[in-house]
Amino acid sequence: MEKINVAITINIDEPAESLFVNGIKQNAIILRDCLIRSPLVNECYYMNFGPQRDLSRSPWKTYEPWIIHDFKAALEKIDLFINVCISMNEPEIDAAHAHGAKVIKFAMGNEYYIFSERVLFMGDVPTTHRKMKGIDASWMSPHLYDNYRDWE
């Protein structure tokens, strides 16, 4: 079987943003650590959809050789996109499919509760929940299944 190249979506917003700003980013790091040990994976990258490109002051610089900032460049080398910290939009999903890549949404946090909290307590924050259209699979952390299966 041919090995694949994987990209995990992340969102680096700030120049010195911590790896521990939230649990999802920690999960993205652990997921990559697991995937690079798989005999089915050639390489595993992070696809940064955030605005921060200069990682010189960031703890993310440790991972810089495996961080892709340009989605069009990623299309040339990635076989599987795993949406973790940020979700790709429909045109990006369509572009990935056009290049033969698969797209997975991996729910590691409970978006239902986050959405509910924003609606109830953060009235001035725009709040939407959109289902990703065109994905090839939807994964979720097992501990979320009972509360989350109908939401996703």
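Caption draft 1: Quick peek at the packing of aromatic side chains. Counted by the stated rule, this structure contains six aromatic pairs. Note on Tyr-46 and Tyr-63: the rings are 5.6 Å apart at their centroids and 85° apart in plane angle, and the pair reads as edge-to-face. Placement of the pair is Tyr-46 in strand E2 (residues 41-48) and Tyr-63 in the loop between E2 and strand E3 (67-68), with a sequence separation of 17 residues. Each member of the pair, Tyr-46 as well as Tyr-63, is classed as buried. Between Phe-106 and Trp-139, the ring centres sit 5.4 Å apart and the planes meet at 80°, which makes this aromatic pair edge-to-face. Of this pair, Phe-106 sits in strand E5 (residues 102-107) while Trp-139 is found in strand E6 (residues 137-140), placing the two residues 33 residues apart along the sequence. You can call Phe-106 buried: its relative accessible area is 15%. These aromatic residues form a ring-pair network of at least three members: Tyr-46, Trp-60 and Tyr-63. A cation over an aromatic ring shows up here: Arg-32 above the ring of Trp-66, its NZ or CZ 4.5 Å from the ring centre.

Caption draft 2: Layout of the side chain of Asn-5. Considering the arrangement of structural elements, one finds Asn-5 in strand E1 (residues 4-10). For Asn-5, a relative accessible area of 14% corresponds to the buried category. A distance of 3.3 Å separates a polar atom in the side chain of Asn-5 from the backbone nitrogen of Glu-43. Residue contacts for Asn-5: discarding those within four places in its chain leaves Asn-42, Glu-43, Tyr-45, Lys-77, Ile-78, Asp-79 and Leu-80.

Reading guide: rules and limits
- Residues numbered from 1 in each chain as written.
- Predicted model: local features only at pLDDT ≥ 70, side-chain atom pairs only at ≥ 80, totals over all residues.
- Heavy atoms only, no water.
- Phe/Tyr/Trp six-rings, centres within 6.5 Å; stacked < 30°, edge-to-face > 60°.
- Helix = DSSP H or I, 4+ residues; strand = E, 2+ residues; numbered from the N terminus.
- Buried < 20%, exposed > 50% of the residue type's maximum accessible area, 1.4 Å probe, protein only.
- Lys NZ or Arg CZ within 6 Å of the ring centre and 35° of its normal.
- Polar contact = N/O pair within 3.5 Å; in protein donor to acceptor, adjacent residues only side chain to side chain.
- Contact = heavy atoms within 4.5 Å.

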